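So you can see what is in the structure, the chains are spelled out below.
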Amino acid sequence: RNLLDRDTFSKSDPICVLYTQAIGNKEWREFGRTEVIDNTLNPDFVRKFIMDYFFEERENLRFDFYDVDSKSPNLSKHDFLGQMFCTLGEIVGSQGSRLEKSIVGIPGKKCGTVIVTAEELGCCRDSVLMQFCANKLDKKDFFGKSDPFLVFHRSNEDGSFTICHKTEVIKNTLNPVWQAFKISVRALCNGDYDRTIKVEVYDWDRDGSHDFIGEFTTSYRELSRGQSQFNVYEVINPKKKGKKKKYVNSGTVTLLSFLIETEVSFLDYIKGGTQINFTVAIDFTASNGNPSQPTSLHYMNPYQLNAYGMALKAVGEIIQDYDSDKMFPALGFGARLPPDGRVSHEFALNGNPQNPYCHGIDGVMEAYYRSLKSVQLYGPTNFAPVINHVARYAASVKDGSQYFVLLIITDGVISDMAQTKESIVNASKLPMSIIIVGVGPAEFDAMEELDGDVVRISSRGKFAERDIVQFVPFRDYIDRSGNHVLSMARLAKDVLAEIPEQFLSYMRVRGIKPSPAPPPYTPPIHVLQTQI
């Protein structure tokens, strides 16, 4: 909207060029170009860009606009109209996945705005529940009948086949009925409804040399007709067919049922307006070392971030795209507070217990550095109070409109293990997730136990309803060269990768469906005024 006019006799002929940024070297690469739209300052570009989206990665985008003056593909031959920077997360995290941002890049000039919308591609999210049975299969075993099972393959672009599903074995029968199974449409046919699906029938043998009974081919489109005469397949063994004149088939396989289930995704909820609330809790216990010493994990180095600062920035920068007000409560635990030196396990880093919110990740960093100067590192290390703090908020909005993520950064020495486990088991019923980043050289066995990936966490005989804790040791991400950039992206990725699934597991257990997205943006129609 309202692009700069660079042509003397007519309006600009704009094109938009999209660049993406490589994670490591930050180099911008051209991703694609839209079509050129002649003679307008308010173009509605038609060409779409299809890109992979990962919640846990920061995907930087740059949109450059040019006024095209000739047929040359070389951009330097055309007039630059400005550019806009954003992240993919910013677009999908905006209301209705629609972002409007100013175009910048030409000093002293208003360059207009750009409106970017995103939608998730639909075909890939369905899964199918199917059930098959077979009749009169060939008898392959010397004693008794066959032990049949089915193997499904999807065909690839080059004509080869990839195995995508095996049924269970049904013992000693030529008329098996297999259990219904669920498979994603992507795995079954890569989302292509007419692609060949090959099904082989085998007779199971204990020694693994399963006997081939026969095979048939079908496609998603055929199967989707459901139970009908079209979905009864003759099982053919090509070797037998070649040898025996009277060979008819080696039995038949029949589709009993076919149900399509559309999986709702994390983005469906974000698009429908669910907000992610991000809270930070920082470990201010004495085991971190004196902040004025370079050996301390809280060392205030004027030239580079300490481990706490790096972990905070890496995770916070990605999560903030999904939080519309960008106000984050930031808490500390395990310090003695001025003026009277009382020990607190949930104090506001900005010094305001009534309003612990900081503006943006930069605001959190600022409050963290301010606190380091005013409080005294002490102990013990209690996690339960900050977990309960966030749980109180999460308990008040269980309708799916908000989800809470607590980031705890700690040196890993924990004093209240039993209370913390109790807090986590209680929190697992609430719309919240906990990320623990362990900094420093300690043994993190206790943190691994809280993570619950190996053994589901329990307290007094009660097990956590869902796995809500993700723990990572910070030292795994600091590369020897001291080039922290690559490792920060990897840290954020590993820490945040489980959140969409934890989020969906809460919504599923509660039966909460995504709210409908607001209606898509339609540009206002310019009414021509006519004189009568």
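Residues numbered from 1 in each chain as written. Predicted model: local features only at pLDDT ≥ 70, side-chain atom pairs only at ≥ 80, totals over all residues. Heavy atoms only, no water.

Draft legend 1. Just the overall build of the chain, in detail. When helices and strands are tallied, the chain shows 12 helices and 26 strands. Projected onto its principal axes, the C-alpha positions of the chain cover 95 × 80 × 55 Å. In the chain, buried positions account for 49% of the 532 residues. Of the contacts made within the chain by residues no fewer than 6 positions apart, 68% connect residues no fewer than 24 positions apart. Only carbon and sulfur atoms are counted for the fraction: they give 52% of the accessible area of the chain, which is about 27,200 Å². If the 60 positive side-chain charges of the chain are averaged to one point and the 66 negative ones to another, these points end up 4 Å apart. (Helix = DSSP H or I, 4+ residues; strand = E, 2+ residues; numbered from the N terminus. Buried < 20%, exposed > 50% of the residue type's maximum accessible area, 1.4 Å probe, protein only. Contact = heavy atoms within 4.5 Å. Areas by Shrake-Rupley, 256 points an atom, 1.4 Å probe, with all protein chains shown as cover. Lys, Arg positive; Asp, Glu negative; His and termini not counted. Charge placed at Lys NZ, Arg CZ, Asp CG, Glu CD.)

Draft legend 2. Summary view of a negative patch on the surface. On the surface, Glu443, Asp445, Glu448 and Asp453 cluster together into a negatively charged patch. Tracing the sequence through the fold places aspartate 445 in helix H10 (residues 445–451). Here aspartate 445 falls in the exposed class, since its relative accessible area comes to 54%. (Patch = residues over 30% accessible without salt bridge, like charges linked within 9 Å, V, L, I, M, F, W, Y side chains within 5 Å. Salt bridge = Lys/Arg side-chain N within 4 Å of Asp/Glu carboxyl O.)

Draft legend 3. Spotlight on the side chain of asparagine 277. Position of asparagine 277 relative to the elements: it lies in strand S15 (residues 275–283). Here the side chain of asparagine 277 touches glutamine 402 through a polar contact of 2.6 Å, side chain to side chain. In this view, asparagine 277 contacts Asp323, Gln402, Tyr403, Phe404 and Val405; residues no more than four positions away in its chain are not counted. (Polar contact = N/O pair within 3.5 Å; in protein donor to acceptor, adjacent residues only side chain to side chain.)

Draft legend 4. Geometry of the UniProt feature "domain: VWFA" (unreviewed entry) in the chain. Feature annotation in UniProt assigns "domain: VWFA" (unreviewed entry) to the following positions: residues 277–478. Its end C-alpha atoms 28 Å apart, residues 277–478 is made of 29% helix and 26% strand. (UniProt positions renumbered as here; feature names shortened; annotations may be inferred.)

Draft legend 5. Local environment of the side chain of asparagine 60. With respect to the helices, strands and loops of the structure, asparagine 60 is situated in strand S3 (residues 60–67). For asparagine 60, a relative accessible area of 17% translates into the label buried. A distance of 2.7 Å separates the side chain of asparagine 60 from the side chain of glutamine 21, its partner in a polar contact. Only 3.4 Å separates the side chain of asparagine 60 from the side chain of arginine 58, close enough to count as a polar contact. Excluding residues that lie within four positions of it along the chain, asparagine 60 makes contacts with Tyr19, Thr20, Gln21, Trp28, Cys86 and Thr87.

Draft legend 6. Representation of the sheet that holds strand S7 (residues 126–135) within the structure. Here four strands make up an open sheet; going across it, the order is S10-S7-S14-S13 and the pairing antiparallel. Strands with a single pairing partner mark the edges of an open sheet, and in this sheet they are strand S10 (181–184) and strand S13 (232–234). Across the sheet, the mean angle from the axis of one strand to that of its neighbour is 35°, orientation sign disregarded. (Pairing = 2+ DSSP bridges. Axes fitted to C-alpha atoms, helices over the stretch in contact; angles between N-to-C directions.)

Draft legend 7. Up close: the domain arrangement of the chain. Partitioning the chain into structural domains gives domain 1 (12–115), domain 2 (124–260) and domain 3 (274–508). Its C-alpha centre places domain 2 at a distance of 50 Å from the equivalent point of domain 3. (Domains from an automatic or database assignment.)

Draft legend 8. Focus on the pattern of salt bridges. Using the criterion set out here, one finds 18 salt bridges in the structure. For lysine 240, the salt bridge identified is with aspartate 138, shortest N-O distance 2.7 Å. Residue lysine 240 is located in helix H4 (residues 238–243), and its partner aspartate 138 is located in the loop between S7 and strand S8 (148–155); the two are separated by 102 residues in the primary sequence. Among the residues examined, aspartate 138 registers a relative accessible area of 13% and is labelled buried. Across the pair lysine 198 and glutamate 200 runs a salt bridge whose closest N-O atoms are separated by 3.8 Å.

Draft legend 9. Structural detail: the pairing of S8. Burial of S8 is extensive: seven of the eight residues sit out of reach of the surface. Here S8 runs beside strand S11 (residues 196–203); their pairing, made up of seven bridges, is antiparallel. Following the sheet pairing, histidine 153 is matched in S11 by lysine 198. In this sheet, strand S9 (residues 161–166) lies alongside S8 in antiparallel orientation, the contact comprising five bridges. What sits directly across from serine 155, in S9, is phenylalanine 161. Linking two consecutive strands that pair antiparallel, namely S8 and S9, is a turn of five residues; a positive phi of about 90° is found at glycine 159 within it.

Draft legend 10. Summary view of the sheet that holds strand S4 (residues 79–87). Ordered in space as S2-S1-S3-S4, the four strands form an open sheet in which the pairing is antiparallel. At either margin of the open sheet sits one strand with a lone partner, and together these are strand S2 (28–33) and S4. Strand-to-strand twist in this sheet, taken as the mean axis angle between neighbours without regard to direction, amounts to 25°. Two elements, strand S1 (residues 14–21) and S3, share seven bridges in a ladder whose sense is antiparallel. Following the sheet pairing, valine 17 is matched in S3 by aspartate 64.

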